[in-house]
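# Structural characterization, general
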Amino acid sequence: MCLAVPGQLLSIDDGDALTRLGRVSFAGVVKQASLAYVPEAEPGDYVLVHAGFAITVLDEVEALRTLAYLAEFEPEDLP
Amino acid sequence: MNGTTPIAPQCPIPTATGEAIELAHGGGGLLTHRLIERLFRPAFAEAPEDLTHDGAVFEIDGARLAFSTDSYVVRPLFFPGGDIGTLAINGTVNDLAMCGAEPLYLSVGLVLEEGFAIADLRRVVDSMRQAARAAGVRLVTGDTKVVEHGKGDGLYINTSGVGRLLAPLPVAPGRVRPGDAVILSGDIGRHGIAIMAAREGLGFETPIHSDCAPLAMPVRRLIEAGVDVHCLRDLTRGGLATALIEIAETGHVGIQLDEAAIAVAEPVRGACEILGLDPLYVANEGRFVALVPAADAERTVAILRHCGEQAVVVGSVEAANGAAAVRLGTIGGTRVLDMPSGEQLPRIC
Amino acid sequence: MKYVDEFRDPAAARRCAEAIARIATRPWTIMEICGGQTHAIVRHGIDRMLPDGIALLHGPGCPVCVTPAGIIDAAIAIASRPEVTFCSFGDMLRVPGEGGSLLAAKARGADVRMVYSPLDALAIARAYPGRKIVFFAIGFETTAPTTAMAVLQAEREGLRNFSLLVSHVLVPPAIEALLGAPDNGVQGFLAAGHVCTVMGYWEYEPIARRYGIPIVVTGFEPLDLLQGLYLCIRQLEEGRAEVENQYSRSVQRDGNRTAQEVLTRVFAVQPQRWRGLGEIPASGLGLAPAYAGYDALLRFADVAVPPERHGECISGEILRGVKKPADCPAFGTRCTPEHPLGATMVSSEGACAAYYRYRRPRSTALAATGGTL
């Protein structure tokens, strides 16, 4: 379940908590998404968008940490 | 033509069980194929080569000709990168080119819905004129019908075309051999995304443009250069995957594809990610694959690039080994590409 | 694409798979409960990178698959009304109930529209005040907040021509039902990363403790899945049973509080039937009394939800990981993606559909049996 795609928040449109929309770029394809669930999001942030709603702001530090963890796996020594 | 007496297979076509035609039957995938194989072929085909995929080739008094037809029901009629008129011309031009022919003359049949704006018709006709000129073909005959309001989706177009065979040998799946290179003429997925975005009102601010274009010239250059083109196929509905599966199964070969070599433009990728679509199955209108002997691969790529196509080798042909299939190299190994059963739908899951 | 490409790096994936092979000393059975994860595993061949002893089961994590057939039949009944414009996510359009699919209903003239978001359905309701717009609200906790927001907006705008056919399901009760079954063979779980983005993962801690099962919250890209599997297997090898968060760039323990508050406001927890699994208590969401006016089943009171019939489909056992698609006598013959009998063949994420497309021994794709045209 749950196809959610990361995109970069380009700008925030007017609106209150319920109706706040933002423009999100997915590799250059720009689409509007509701920001109702990410009140803290700011332009430049990467958000995860599902069914037209941003459901979280992605944490870059954690992303790098995950990649660093993966990078520590040693390649298999070939016999 | 060839003088043999064909035997029409007595396929017991199931009588209508209340089953109706579904949109999937026009999707270019499994159901389309079944419709052709189980309903049309038994009714119309008199020889195995009849009703093959792209066009028909035959000889009349020594002249080797190709003949093809296509109908256009696209919605919306106008989309970024083209309209139903551009599609109608280029579609048939490309079908003929894929036979290894030089497209020459086209017919145009229009079915207009009462109430359709003449201004829109003028736009479409203008597009067709420009597309025909760009493709080097002449529209020499046509027909117009009008149906009552509500009985037609604005405008349907059928084009049929005749061309002169250029390739000395047949260009068909049957000529594909293990070892052949599979060359793709450019990036994939533009047309399908352009249409879906426009039709479903997906609200992409940055419009993705259809790649609708005529392919006769690059094909001609290949043939004139003496490349022994085994098979050509333009990618339409069903995308790259469907085109190659059909070739593999008709030609009884296996095809190994390298996913990393297949170019997908970033915005198209982004759109596919959002919609949950696999670019391999998304429609194109200005791309084709060429299957040529391995020795000709480099030359083919060079010639196509010289024509402006971003051609690249994306795979190779191998022996079928019991199962003619298209295999895609993935992170975890290879997976077999399957024929989609219907139109790929955006998913949320 | 940022946050996507880095997590699809083939070399890193191979190294991770090798690391798994190094630490796994025994066979283990791990279940992932998210259709999106199943899709990614099958598409990238992740399970083929695992050592032989690691069995990866695909659980009931596809809301499309587990939507009861009766709800789909109710959807079709509503959609077939001339005054109704029925809006649904693409996934649900091909899913058959007992009486066909929404796509088939569309072929017969029903006004069925595919939408990408509940907000699209709202927009249609605003644009066509004379029509009755019904939105098919399916999905897990990831999607329920989007439905909830559509309800709140409709309420604020006083949109009277908008209603919802609700079939939202919750993951933790399903996991408990699976683990509580006597024939359960699942030893570890990969929890659904996007569900947990909304709900957090604190709900899984008592489950891990009670059943002694490691649960790793996992993302959706190949590297996420492999790392999730690595962490899960490491726990199993070390005899631990904790909740770990692999998908930390998206998931926090508390989840998205704003979304959870809206969920609590608009929905109430209720028992829910899962296609192939039966009824699981407290596993579904229904509109709270204050919003009952938006329930399509109340607006179209004469539409009933037929009870589930039991045919030859063994979806339930497959969803629980007790049987495999190849064990089913109907698999590939009477039951195919074109003519599915049950939940697991219905959606492309279903275990049977995935197995059919990517694994089964076959002659040709075009010569597939079953069906007429």
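Up top is the structure these notes are about.
Residues numbered from 1 in each chain as written. Chains lettered and ligands numbered in written order. Predicted model: local features only at pLDDT ≥ 70, side-chain atom pairs only at ≥ 80, totals over all residues.

## Concerning the overall build of chain C
- Secondary structure summary: chain C contains 17 helices and 11 strands in total.
- Taking 2.2 N^0.38 as the reference for a compact globule, 373 residues should give roughly 21 Å; the C-alpha atoms of chain C span a radius of gyration of 21 Å, in line with that estimate.
- Sorting the 373 residues of chain C into buried and exposed places 60% on the buried side.
- Counted over contacts in chain C with a minimum sequence separation of 6, partners at least 24 positions apart contribute 78%. (Helix = DSSP H or I, 4+ residues; strand = E, 2+ residues; numbered from the N terminus. Rg over C-alpha atoms; globule rule 2.2 N^0.38 Å. Buried ≥ 20, exposed ≤ 12 C-beta atoms within 10 Å, placed from the backbone. Contact = placed C-beta atoms within 7 Å.)

## Details of the interface of chain B and chain A
- Every contact between the two is made by 15 residues of chain B and, on the other side, 13 residues of chain A.
- Residues belonging to the side of chain B that touches chain A are distributed by class as follows: six nonpolar, four polar and five charged. (Nonpolar A, V, L, I, M, F, W, Y, C, P; charged D, E, K, R; others polar.)

## Some points on the interface of chain C and chain A
- Taken residue by residue, the interface counts 43 residues in chain C and 32 residues in chain A.
- Elements supplying a minimum of two residues to the side of chain C that touches chain A: helix H1 (10-23), helix H2 (35-44), helix H7 (118-127), helix H8 (144-157), helix H10 (193-199), helix H12 (222-238) and helix H13 (257-266) of chain C.
- Here the residues of the side of chain C that touches chain A sort into 21 nonpolar, 16 polar and six charged.

## Let's talk about the sheet that holds strand E12 (residues 312-319) of chain B
Residue and element names in this part refer to chain B.
- Ordered in space as E9-E11-E8-E12-E10-E13-E14, the seven strands form an open sheet in which the pairing is mixed. Across the chains shown, the open sheet's two edge strands, defined by having one partner strand only, are strand E9 (231-234) and strand E14 (333-337). The average undirected angle you get between the axes of adjacent strands in this sheet is 25°.
- Of the pairings in the sheet, the one linking strand E13 (residues 326-330) to E14 comprises five bridges and is antiparallel in character. Bridge pairing in E14 places Gly-329 opposite Thr-334. (Pairing = 2+ DSSP bridges. Axes fitted to C-alpha atoms, helices over the stretch in contact; angles between N-to-C directions.)

## Side note on the nonpolar core
- Among the nonpolar cores identified, the biggest contains 265 residues, and Ala-54 of chain A, Ile-183 of chain B together with Cys-16, Ala-75 and Ala-191 of chain C are the most heavily contacted of them.
- If sequence neighbours within four positions are ignored, Ala-75 of chain C has contacts with Phe-86, Leu-102, Phe-136 and Leu-165 of chain C. (Core = buried A, V, L, I, M, F, W, Y, C linked by C-beta atoms within 7 Å.)

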